[in-house]
Amino acid sequence: MSMTPHETGPQIGPVFFDRRELDPILKVYGRMVAQGEWRDYAMAGHKDFAEFAVFRRTGDAPAYRIEKRPALQTRQGQWAVIGEGGQVLRRGRDLPQVLRVFDARRFQVVE
């Protein structure tokens, strides 16, 4: 059996978050909900990455996405926070450090 260059082995299943990873994400989410900034979230596991999307209002496009891409762990880091326009706001190997992007910003809901 030959592998294509991007395959490193058999796929076990979709990438997802474990409990140790969800705890700090949900902590940030809870804080932002309490501040009235975020209203809803969605999680999805894909073949190559997992995402936690947050919404200002139900039905809107995600305001932010927190992504886990294990294939990037040895490069720029498996964690990323991506803004509404698709721009990477922060990337790294340490999830709590990446999530600090939400500490440094003042968010306002624009009606």
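Residues numbered from 1 in each chain as written. Predicted model: local features only at pLDDT ≥ 70, side-chain atom pairs only at ≥ 80, totals over all residues. Heavy atoms only, no water.

1. Section: the sheet that holds strand S3 (residues 64-68)
Here is step 1 of the chain: Taken in spatial order, the five strands of this open sheet run S1-S2-S3-S4-S5, and their pairing is antiparallel. The strands lining the two open edges of the sheet, one partner per strand, are strand S1 (40-45) and strand S5 (88-92). For this sheet, the mean angle separating the axes of adjacent strands, direction not counted, is 15°.
Here is step 2 of the chain: In this sheet, strand S4 (residues 79-83) lies alongside S3 in antiparallel orientation, the contact comprising five bridges. Each bridged residue has a counterpart across the sheet, and for Ile-66 the counterpart in S4 is Val-81.
Here is step 3 of the chain: Set on the sheet, helix H1 (residues 19-34) makes contact with S1, strand S2 (50-55), S3 and S4; between it and S2 the angle comes to about 10°. (Pairing = 2+ DSSP bridges. Helix = DSSP H or I, 4+ residues; strand = E, 2+ residues; numbered from the N terminus. Axes fitted to C-alpha atoms, helices over the stretch in contact; angles between N-to-C directions. Contact = heavy atoms within 4.5 Å.)

2. Quick look at the packing of aromatic side chains
Here is step 1 of the chain: Here the structure, examined in full by the defined rule, presents nine aromatic pairs.
Here is step 2 of the chain: Relative to Phe-102, the ring of Trp-38 has its centre 5.2 Å away and its plane inclined at 90°; by these criteria the two rings are edge-to-face. In this pair, Trp-38 is assigned in the loop between H1 and S1 and Phe-102 in the segment after helix H2 (95-99), connecting sequence segments 64 residues apart.
Here is step 3 of the chain: Of the residues examined, Phe-102 reaches a relative accessible area of 3% and is grouped as buried.
Here is step 4 of the chain: Within the aromatic cluster, the residues linked to one another by ring pairs are Tyr-29, Trp-38, Tyr-41, Phe-52, Tyr-64 and Phe-102.
Here is step 5 of the chain: A cation over an aromatic ring shows up here: Arg-69 above the ring of Phe-49, its NZ or CZ 4.0 Å from the ring centre. (Phe/Tyr/Trp six-rings, centres within 6.5 Å; stacked < 30°, edge-to-face > 60°. Buried < 20%, exposed > 50% of the residue type's maximum accessible area, 1.4 Å probe, protein only. Lys NZ or Arg CZ within 6 Å of the ring centre and 35° of its normal.)

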